Every structure is written in C-alpha cells, then in structure tokens.
Amino acid sequence: MAELERPQRLQIMLTDEELAALENWRFEKRMPSRSAAVRELLRRGLASDGFLTADAGAKSQDFGVISLDNKAGDGSSSPKP
C-alpha cells in the first residue's frame, strides 16, 4: 500500500450554510476538491494578519464561517465578529 502524501486527517463540523459557502467558494475558484479548498483557505488565513486572540473561555460555537446576519442566504460569507 502506498504511503499517503498527507497522512494527517482533520475532521470539522459545519452547518448547512457553512458547507454551502465552502462549496460555492470552491466552485468559483475551480478548486479540484473540498480538501483542496479547505487547505487553500487555511493557507490564506494563516498568511493574513490583524486577527485578535480568542478570549479565555471562548467556545468552538463562538467561531463560525458565516456571520449571523448573513443567514438569509445571499451567497456571501464573512467571519463572525
């Protein structure tokens, strides 16, 4: 059996709206797979600057892909403030 090029697996949970935002971005950017799209978004996020450190006691549910005021489904996405 061939050794995997990326042997580490990362599992995340997304809402239907977050998954739709990811898929829309993926198709707009012509990314070959969901995994490639997530890796590209991670690369861009890690290269960016200007984000605050999470507050002590912050929960995973406090961080979303789509802002709460964008639940109407207009197709755009922005980080939750």
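The text that follows walks through the structure, step by step, so that each part is easy to find.

Cut-offs used in this document
For every chain, the first residue of the written sequence is number 1, and numbering continues from 1 along that sequence. Totals for whole chains, interfaces and linings use every residue, but because this is a predicted model, local features are given only for residues with pLDDT of at least 70 and side-chain atom pairs only at 80 or more, for both listing and counting. With hydrogens and water stripped out, all remaining heavy atoms of the structure feed into the side-chain values. Criterion for a salt bridge: a side-chain nitrogen of Lys or Arg within 4 Å of a carboxyl oxygen of Asp or Glu. Put simply, DSSP H or I for four residues or longer makes a helix, DSSP E for two residues or longer makes a strand, and each gets a number counted from the N terminus. Here the expected length of a helix is defined as 1.5 Å per residue gap, with one fewer gap than residues. We call two residues contacting when some pair of their heavy atoms lies within 4.5 Å.

Pairing is possible between side chains that carry opposite charge, provided their charged atoms lie close to one another. A full pass over the atoms with the stated rule returns four salt bridges. One salt bridge connects Arg34 with Glu23, and the closest N-O pair in it is separated by 2.6 Å. Residue Arg34 is located in helix α2 (residues 34-47), and its partner Glu23 is located in helix α1 (residues 16-28); the two are separated by eleven residues in the primary sequence. What you see here is one network of salt bridges that share partners, running through Glu23, Arg26 and Arg34.

Here we take up α1. For α1, spanning 13 residues, the distance from its first C-alpha to its last is 18 Å, which sits close to the expected 18 Å at 1.5 Å a residue. In this structure, the buried residues of α1 make contact with α2. Phi for Arg30, located one or two positions after α1, is positive at around 60 degrees.

Nothing here speaks to function; it is all geometry.
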